Amino acid sequence: MLSLLKIRNLALVDELTWEPESGFLSITGETGAGKSVIMGGISLVLGERADKGRIRSGETQCSIEAVFHLSNTQQTDLILEDAGVPPCEEGMLVIRRVITASGNKQFINNTPVTLNLLRRIGGGLVDMHHPEAHRSLTSQERQLDLLDAFSENESTLKLYHTAYRAWLDARHAYKELLDSEMANERELDFLRHQMQEIENAAFTAEEAAELENNWKRARNAGRLRDTALPMAHMIDGADDALLPRLRQLVRSARELERLDAAVAPWLSPLPAIVEELEDVAANLQDYADGLSGDPAELARLEERISTLDTLKRKYGADFEAIQAHLEECREKLSAIENREEKLEELAAAEKARMDELKTAAAALTATRQKAAPRLAELFLHHARQLGFRQSLFEVSLQPLAEPGPNGAEETDFLFGPNPGEPLKALRLIASSGELARVMLALKSALASRDDTPLLVFDEIDANVGGEIARAVGCKMRELGADHQVISITHFPQVAALANHHYLISKVQSGERTVSRLNKVTGDARVEELMRMLGTGGENARAHAIDLLQND
């Protein structure tokens, strides 16, 4: 649920801190009081593009912060982790937007993020509904999403999408080879020449790695020997060499230890030093003996380096790149020389993937066919409570010529609000009031399967009568048992049904007009309902109290 909303310098709001409760919440107020600012603030933290024109007059920036407490953060944390953003702590997700004249910034859990990531996270947090948005119900793709949500066929749908991608890949591979032109003999000869040049060089990874060092060693053999041998003799072999003197030092140390055992601990390293120097001298001698000053070997190494440099210029920056190019040439040559055989192989693979796709599609279709009449029945149950007492509703599934990205059929929600009228596709319904109630009936039918924590309804009760408005309020109150529901309304019948009622109003602050949001209870709530009823006096007060008592 949304547990905190802070807005600073957005339109008429200078500073607003709201800690909404759970359940069904209503927000009321006179036209122009700033109800749209609440909707705007929530939309901004969900990733709506920000306009500097929203900044309160006279200010340089505005900011919106929202804190959501989530019962399950697993999916959200996975998305955040992929983006390098810290996960939610104790179920708390913090979103902040800052809008300035020069640009906008957004943060999740105090970490800067992209607008796309904010939208991705926000899409799973809040479901926004307002009169202009109900037309999304007329989209056949959206209707298919709703049917799948009701079907609870996520695993079947996932298997279908996997099969569909596999078939697309197989078809692409077949068409790519089918549409490619046959290579001419010159292109074949060029491929063969490249392969032969690399293969004849016969480099190994080990040789390529050591070639330059071996060449440097052979080229400088004389200088290396002239340096190494004197070093070996300096340690052992010269008249004043180190080892004979150190050996004498060891003998003296042993005599000293024999006379006084206390010196042993700090004289003990001497024998090891002698042994190490003996090893160094032997290694230097072996190194010098192994240096080859053979001009023929130097010439061979220079030739190999020249060959490797030529291959690098032509085929890649290093040995691995050259080998990758060789493998690519082999694959191209094989594909060209065995084109017909390869086409048959790819065609067979495409057919096999299509057979698998049809099997997955049949399983997906079965879940939809099973769910469609149950969704229609449940929808009608809720729709009749919303005033469509003799309406008809059908979830129509029409087969496609071949499986598409979302299955082997498309859907149409067919609706007949009045008896005697034929069922029509929702996209042919012109009344926004009817569409709003259709949307609410669908939301009610899907409530137990919808894990979106917050539902926001902005004047979806517009263009309906008082009795129907109360039915709309009852439905939103029912939804409040499973979700946090916020309704911005002008109907007292709806506001009276809310678990919590908030009033937004314009007040004078100095020479400026600002919006304030306050919870109304008791007499203050009765007064607000009387204002919404549009009349005063004891009769209006009794009516307002009656609305509250019959919630």
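A short tour of the structure in this document, coming up.

About the cut-offs
Residues numbered from 1 in each chain as written. Predicted model: local features only at pLDDT ≥ 70, side-chain atom pairs only at ≥ 80, totals over all residues. Heavy atoms only, no water. Helix = DSSP H or I, 4+ residues; strand = E, 2+ residues; numbered from the N terminus. Buried < 20%, exposed > 50% of the residue type's maximum accessible area, 1.4 Å probe, protein only. Polar contact = N/O pair within 3.5 Å; in protein donor to acceptor, adjacent residues only side chain to side chain. Phe/Tyr/Trp six-rings, centres within 6.5 Å; stacked < 30°, edge-to-face > 60°. Axes fitted to C-alpha atoms, helices over the stretch in contact; angles between N-to-C directions. Parallel < 35°, antiparallel > 145°, perpendicular 65-115°, else oblique. Left-handed = near helix turned anticlockwise from the far one by under 90°. Contact = heavy atoms within 4.5 Å. Nonpolar A, V, L, I, M, F, W, Y, C, P; charged D, E, K, R; others polar. Arc of directions from axis to C-beta. Pairing = 2+ DSSP bridges. Core = buried A, V, L, I, M, F, W, Y, C linked by side-chain atoms within 4.5 Å. 1 Å grid on protein atoms, 1.4 Å probe; cavity = no way out; pocket = protein on both sides within 12 Å on 5 of 7 lines; lining within 4 Å. Points joined across faces, edges and corners; volume = space filled by probe spheres on them.

### Looking at the environment of threonine 227
Reasoning step 1: Examined against the element boundaries, threonine 227 turns out to sit in helix α8 (residues 221-235).
Reasoning step 2: Taking relative accessible area as the criterion, threonine 227 reaches 49% and is therefore assigned partly exposed.
Reasoning step 3: A sequence separation of 19 residues divides threonine 227 from leucine 246, and the C-alpha atoms of the two residues are 23 Å apart.
Reasoning step 4: Within the structure, threonine 227 has its side chain in polar contact with the backbone oxygen of arginine 223 (distance 2.9 Å).

### A look at the packing of aromatic side chains
Reasoning step 1: In total, this model carries eight aromatic pairs according to the counting rule given.
Reasoning step 2: Here the aromatic rings of phenylalanine 388 and phenylalanine 415 are separated by 5.1 Å at their centres, their planes lie at 90 degrees, and the arrangement is edge-to-face. Separated by 27 residues along the polypeptide, phenylalanine 388 in the loop between α14 (339-385) and β9 (392-404) and phenylalanine 415 in strand β10 (residues 407-416) bring together distant segments of the chain.
Reasoning step 3: Residue phenylalanine 388 is classed as buried on the basis of its relative accessible area, which comes to 4%.
Reasoning step 4: Given a relative accessible area of 1%, phenylalanine 415 falls into the buried group.
Reasoning step 5: The interplanar angle of 70 degrees and the centroid separation of 5.5 Å between the aromatic rings of phenylalanine 393 and phenylalanine 413 together place this pair among those described as edge-to-face. In this pair, phenylalanine 393 is assigned in strand β9 and phenylalanine 413 in strand β10, connecting sequence segments 20 residues apart. We note that phenylalanine 393, like phenylalanine 413, is buried.

### As for the packing of helix α9 (residues 242-259) against helix α11 (residues 269-290)
Reasoning step 1: The geometry of α9 relative to α11 is characterised by a closest axis approach of 9 Å and an angle of 160 degrees between their N-to-C directions. Here α11 runs roughly antiparallel to α9, going by the angle between their axes. Of the two elements, α9 crosses α11, and the hand of that crossing is left-handed. Counted together, Leu243, Leu246, Arg247, Leu249, Val250 and Ala253 of α9 and Leu270, Pro271, Ile273, Val274, Leu277 and Glu278 of α11 form the full contact between these two elements.
Reasoning step 2: For the contact of α9 with α11, the per-class residue count stands at 10 nonpolar, no polar and two charged.

### What about helix α3 (residues 115-122)?
Reasoning step 1: Within α3, burial applies to Leu115, Leu117, Leu118, Ile121 and Gly122. Along the long axis of α3, the arc covered by the buried residues comes to 160 degrees, so they all point the same way. Turned more than 90 degrees off the buried face of α3, the exposed positions are Asn116 and Arg120.

### Some words on the sheet that holds strand β6 (residues 104-108)
What holds strands together in a sheet is hydrogen bonding between their backbones, with the strands either parallel or antiparallel.
Reasoning step 1: Strand order in the open sheet formed by six strands is β2-β1-β4-β5-β6-β7, with antiparallel pairing between adjacent strands. Each edge of the sheet is formed by a strand with only one pairing partner; in this case those strands are β2 (13-18) and β7 (111-112).
Reasoning step 2: Here five bridges tie strand β1 (residues 2-10) to β2, and the two strands are oriented antiparallel to one another. Following the sheet pairing, leucine 10 is matched in β2 by valine 13.
Reasoning step 3: Each of β1, β2, β4 (61-69) and β5 (92-100) is contacted by helix α1 (residues 35-45), which is oriented at about 105 degrees to β1, the strand it contacts most.

### Concerning the sheet that holds strand β3 (residues 24-28)
Reasoning step 1: The six strands are arranged β8-β12-β13-β3-β14-β15 in an open sheet whose pairing can be described as mixed. At either end of the open sheet lies a strand with only one pairing partner, and these are β8 (126-129) and β15 (512-519). Between one strand axis and the next, the sheet turns by 20 degrees as a mean value, whatever way the strands run.
Reasoning step 2: Sitting on the sheet, α1 is in contact with β3, β8, β12 (454-458), β13 (484-488), β14 (500-509) and β15, with an inclination near 140 degrees to β8.

### Let's talk about the pairing of β5
Reasoning step 1: Along β5, seven of the nine residues are buried, which leaves the element largely enclosed by surrounding structure.
Reasoning step 2: Sheet topology places β4 next to β5; nine bridges connect them, and they run antiparallel. Residue pairing across strands places glutamine 61 opposite threonine 100, the latter belonging to β5.
Reasoning step 3: Of the pairings in the sheet, the one linking β5 to β6 comprises five bridges and is antiparallel in character. Along β6, the bridge assignment pairs isoleucine 99 with asparagine 104.
Reasoning step 4: The loop that links β5 with its antiparallel partner β6 comprises three residues.

### Brief notes about the nonpolar core
Reasoning step 1: Core analysis: the biggest nonpolar cluster contains 46 residues, and Trp18, Phe68, Leu93 and Ile108 have the highest contact counts within it.
Reasoning step 2: Per-element accounting of this core gives the leading share, six residues, to α1.
Reasoning step 3: Phe413, Leu426, Leu435 and Ala436 belong to the second largest nonpolar core, which has 43 residues in total.

### A look at unusual backbone geometry
With the exception of glycine, the majority of residues adopt a negative phi angle, and the majority of peptide bonds are in the trans configuration.
Reasoning step 1: The phi angle at glutamate 90 is positive, at roughly 55 degrees, despite the residue not being glycine.
Reasoning step 2: Among the secondary structure elements, glutamate 90 is positioned in the loop between α2 (74-82) and β5.

### Observations regarding the layout of surface pockets
Reasoning step 1: There is about 1300 Å³ of room inside the largest pocket.
Reasoning step 2: Listing elements by their share of the lining of the largest pocket, those giving two or more residues are α2, α3, α4 (140-151) and α5 (154-179).
Reasoning step 3: Sort the elements by how many residues they give to the lining of the largest pocket and α4 lands first, with six residues.
Reasoning step 4: Of the residues belonging to the lining of the largest pocket, the class tally is 11 nonpolar, 12 polar and 11 charged.

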